[in-house]
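Fold and contact review
Listed here are the chains, written in short residue letters.
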Amino acid sequence: MPTIERQRFLVLPTLGLLSLGFATGCYDGPTVIETDGSTTMVVLSTGISLCEGNLVTCPDGTCQPPGPGVCCGFGGVCPGDGTGVTDPTTTTTTTDPTNPTDPTDPTNPTDPTNPTDPTNTSTGPTNTSTGPGDSSSTTDGGSSSSSGSSSSSDGSSSSSGSSSSSDGSSSSSSGGSSSSSSGGPPMSCYDPAMYPYAGPLCGPMAMPCTVQVAETIEPMVVARNGTPSVAVDDDCEPSVLHAQSVGGALGFFAQRIGVNAWDVQPTPFDMIQGGLDFDPATGLFGAMVYEGGFDTTARTYDGVWSMGDLLVGNYSLSTKAFAPTGDAVLHGVLIESGVGLVDATWNGAWMPAAMASGTPTDLSPSLAVAADGTHHFTYWSYGGMVPTLRWETSAGALEEITPYGGMIVSPALVQEIALTDAMGVAVPHVIAATPTAMNGRIQVVYLRRDAVDTWSSYQVVSEDPTGETDCDVPPLIPGEACTLERTTYRPLAITSSQGGDVRWFYTETHELVDYMSECLPDCVWTPLADMSTYHTYMGWLDAGVPTSVQILPDTRLVRGNVEVDGEGTMHMVAYADEIPDTIANGTTVEYFRLGP
């Protein structure tokens, strides 16, 4: 798979609270008007120029399908060689191996009430490549029919029968159709025939992933709270909730409105972190939001955020403990101070239910919701002699998955659950990190429930201190030399297709820094050259063996989420650290679209 070059773009000051980013090429978004040379006004079109579905606005004001040599959206005509931009919803955007952000001033620490550790900033991404594949396959498009196989806009095929998933299990296809057989408008991203997606996911050699879009949502390098959340609308276009801790617990809601164009607006409420969902029946976004100070609210967005429904009591929420379901119901596992984990839903009113098996010291919950509405959650339990990863359901199941391997679980180590469906039975899949026997270093593990009280465990990758060097001992005299070299791994996220495919993501940081001592008067190590590398990997099981490929080049992701839409496209949002690190240690907000 070729390496792709990231396009840089500029977020311009705009009228009011609206901030948009623009790149060169055709664009089917707001009209940009140059004013005094330092300010750009963005005029939002309200008439026929805002075309629906996969149609774009041509120079004559009509809505037409994009294509080489013909209409290419608001920007005009695409080149006849097919190299130009086509439909903004399926545009392939190139990626630059350098970090697309600019440094800013040092920032404040994060909110101490954050239920997770928002200060963990180790690891980051890499160069795209392919590895050993599995049995998944795809077609090259083609027209769809109502009774036969249908082709998604990204080229993957699905049928009304069963297909073989890339992880070796049989999956019935429910996704991938992007247009009706009669040539009508494209199906909704949440059409029941498409969502939840049950077709193959990209990754293996038979259907390698490409980075279709790589965009910076927020280029300011500041300290950020929690983990960002992503949800897609009817057109499979992403929206993102993210937060920063500079100047308070500030929340932001970002909607992608075009190629390299995001409408980023501050939320009218405080936010540490939260979960975002979309209800196609009403067209409303919904969110569970932890606002800080143990205040958790439910809110809806229809162009304006609702006042919010506060859950009375002392509750907090982490993003991984929220599960989007594409309907009006919001699902979360909350942490009630002094009590423990609380299984909660909101559908116009809160319905919290305490988990009787939990303790006040349980931490790092993660949630996934099965097709029948059953909640599946995993968390680290301190109820026994040693911390243990548990799986529990709202239907009453409770099993211990694996011991942690140490006495204190770091909340900076992500653990997350995803579900697949096997003949109507939900199968849990978990990504986690546990200490190893090698000086307490970390290994990333993938775990799968195969039967009652039976979990398979696979070591994805493990830190090995053999041959590593550090500069932990301070120098004694000027002119001493030291080289730091070590490799660390951190789990990032896990996602799945209902048909059986599972994709996990983790980061690798290879630190390689040359130091020289200075004594003024105390002796300290001063970096001379930083040759560190940062990579993000995507993995899956290939014939029962964990297989990984580098998926993102030179972007140091530190906290992120991945969601699969109705077409089988993976949407990733993450905070990205600067390379090299700065004293401020701030992050930007990045979005990536991964598909075949």
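Counting restarts for each chain, with residues numbered from 1 along the sequence as it is written. Residue-level local features of this predicted model are given only where pLDDT is at least 70; pairs of side-chain atoms are given and counted only at 80 or more, and the full residue set underlies all totals for whole chains, interfaces and linings. Hydrogens and water molecules were not included; the side-chain quantities draw on all heavy atoms of the structure.

Let us now look at the overall build of the protein. On a plain count of helices and strands, the protein comes out with zero helices and 39 strands. Here the protein, with 596 residues, has 55% of them falling under the buried criterion. A separation of at least 24 residues holds for 57% of the contacts in the protein among residues at least 6 apart in sequence. Areas reported here follow the Shrake-Rupley algorithm with a probe of radius 1.4 Å; residue values treat only the protein chains shown as occluding. Accessible area for the protein stands at about 23400 Å²; split by element, carbon and sulfur atoms hold 56% of it. Every helix listed is a DSSP run of H or I at least four residues long, and every strand listed is a run of E at least two residues long, numbered separately from the N terminus. Accessibility here uses a 1.4 Å probe with only protein chains present; expressed as a share of the type maximum, an area under 20% marks a residue as buried, one over 50% as exposed, and anything in between as partly exposed. Contact criterion: two residues are considered in contact whenever any of their non-hydrogen atoms come within 4.5 Å of each other.

When the sulfur atoms of two cysteines share a covalent bond, that bond is a disulfide. Put simply, a disulfide is two cysteine sulfurs that come within 2.5 Å. For the coordinates displayed, the defined rule picks out four disulfides. Here C471 engages in a disulfide with C482; their sulfurs sit 2.0 Å apart. In this structure the cystine formed by C471 and C482 twists about its S-S bond by roughly -105 degrees; its chirality is therefore left-handed. Of the two residues, C471 is situated in the loop between β31 (454-462) and β32 (481-496) and C482 in strand β32; the sequence distance between them amounts to 11 residues.

Below, the discussion takes up the sheet that holds strand β37 (residues 556-564). The strand order across the open sheet built from four strands is β11-β39-β38-β37, with neighbouring strands paired in antiparallel fashion. Of all strands in the sheet, those with a lone pairing partner are β11 (210-222) and β37, marking the two edges. Recorded for the sheet is a direction-independent mean angle of 15 degrees between the axes of neighbouring strands. Here eight bridges tie strand β38 (residues 570-577) to strand β39 (residues 587-595), and the two strands are oriented antiparallel to one another. Its bridge partner being in β39, M570 is matched across the sheet by L594. For two strands to count as paired, DSSP must find a minimum of two bridges between them. Angles shown run from 0 to 180 degrees and are taken between the N-to-C directions of axes, each axis being a line fitted to C-alpha atoms and, for helices, limited to the stretch in contact.

In this scheme Phe, Tyr and Trp rings, the latter by its six-membered ring, pair at centre separations within 6.5 Å, and the angle between planes marks the pair as stacked below 30 degrees, edge-to-face above 60, and tilted otherwise. Summed over the entire model, instances satisfying the criterion amount to 15 aromatic pairs. Here W391 and W455 contribute two aromatic rings whose centre-to-centre distance is 5.9 Å and whose plane-to-plane angle is 65 degrees, an arrangement assigned as edge-to-face. Here W391, found in strand β26 (residues 388-393), pairs with W455, found in strand β31; they are 64 residues apart in sequence, far enough to count as distant. Pair check on accessibility: W391 and W455 agree, each one buried. Linked through ring pairs, Y190, Y195, F253, F269, F278, F285, Y301 and W305 together constitute an aromatic cluster.

With that settled, consider unusual backbone geometry. Following Y195, the chain continues to P196 via a peptide bond in cis, the omega torsion being -5 degrees. Position of P196 among the secondary structure elements: in the loop between β10 (170-172) and β11. For M423, which is not glycine, the phi torsion reads 55 degrees and is therefore positive. Structurally, M423 is set in the loop between β28 (416-422) and β29 (425-435). The phi angle at D453 is positive, at roughly 55 degrees, despite the residue not being glycine.

Pairing in this open sheet of four strands is antiparallel, and the strands run β20-β21-β22-β23 from one edge to the other. Of all strands in the sheet, those bounded by a partner on one side alone are β20 (315-316) and β23 (350-354).

Looking at the secondary structure, you find P208 in the loop between β10 and β11. Spatially, the C-alpha atoms of P208 and L594 are 9.8 Å apart, while their sequence positions differ by 386 residues.

Tracing the backbone shows I477 in the loop between β31 and β32. For the pair I477 and C519, spaced 42 residues apart in sequence, the C-alpha separation works out to 6.8 Å. With residues up to four places along the chain from it excluded, the contact list for I477 reads S517, C519 and C523.

Here we take up the pattern of salt bridges. Within this document, salt bridges are pairs made up of a side-chain nitrogen of Lys or Arg and a carboxyl oxygen of Asp or Glu, the two lying within 4 Å of each other. Going through the model one piece at a time under the given rule, you end up with 14 salt bridges. R593 serves as the salt-bridge partner of E237, at 3.0 Å between the closest nitrogen and oxygen. Of the two residues, E237 sits in the loop between β12 (229-232) and β13 (238-244) while R593 sits in strand β39, which places them 356 residues apart along the sequence. D577 is paired through a salt bridge with R556; the nearest N and O atoms lie 3.8 Å apart. Note that D577 is positioned in strand β38 and R556 in strand β37, a separation of 21 residues in sequence. Considered together, D577 and R556 belong to a single accessibility category, that of buried residues. Members of the salt-bridge network, linked through shared partners, are E215, E237, R256 and R593.

All right, on to the confidence of the model for the protein then. Here the protein averages 76 in pLDDT, and 68% of its residues register 70 or above. On a range of 0 to 100, pLDDT expresses the predictor's confidence in each residue. The low-confidence segment residues 68-166 (pLDDT under 50) makes 351 contacts with residues lying over four places distant or belonging to another chain. A low-confidence stretch, residues 168-182 (pLDDT under 50), is modelled with 65 contacts involving residues beyond four sequence positions or located in other chains.

This next bit is on the environment of V409. Among the structural elements, V409 can be located in the loop between β27 (398-403) and β28. Owing to a relative accessible area of 4%, V409 belongs among the buried residues under this scheme. Considering only alpha carbons, one finds V409 and T434, 25 residues apart in sequence, at a separation of 8.4 Å. Those residues within four positions of V409 in sequence are excluded, and the remaining contacts are L363, W380, Y382, P387 and Y404.

Now for the pairing of β38. Most of β38 is tucked away: eight of the eight residues are buried. Because side chains alternate across β38, one face comprises the buried residues M570, M572, A574 and A576, and the other comprises H571, V573, Y575 and D577, equally buried. With antiparallel pairing between neighbouring strands as the criterion, β37 and β38 make up a hairpin whose turn holds five residues, including G568 at a positive phi of roughly 85 degrees.

Turning next to a nonpolar patch on the surface. To count toward a patch, a residue needs a relative accessible area over 30% and no salt bridge; like charges are then connected within 9 Å, while nonpolar side chains (Val, Leu, Ile, Met, Phe, Trp, Tyr) are connected within 5 Å. Taken together, M385, V386, M407 and I408 make up a surface patch of nonpolar side chains, about 490 Å² in accessible area. With respect to the helices and strands, the residue M385 is situated in the loop between β25 (375-381) and β26. You can call M385 exposed: its relative accessible area is 78%.

Bringing the pairing of strand β22 (residues 340-346) into the picture now. Taken across its seven residues, β22 has seven buried, putting it largely inside the fold. Sheet topology note: the strand β21 (residues 330-336)/β22 ladder contains seven bridges and is antiparallel. Paired with G332 across the bridge in β22 is A344. Linkage of β21 to β22, two consecutive antiparallel strands, is achieved through a turn of three residues, within which G338 is found at a positive phi near 80 degrees. The sheet contact formed by β22 and β23 spans five bridges and is antiparallel. Within β23, the residue paired with V342 across the bridge is A354. Once β22 ends, the chain turns through three residues before running back antiparallel as β23, passing G348 with a positive phi of about 95 degrees.

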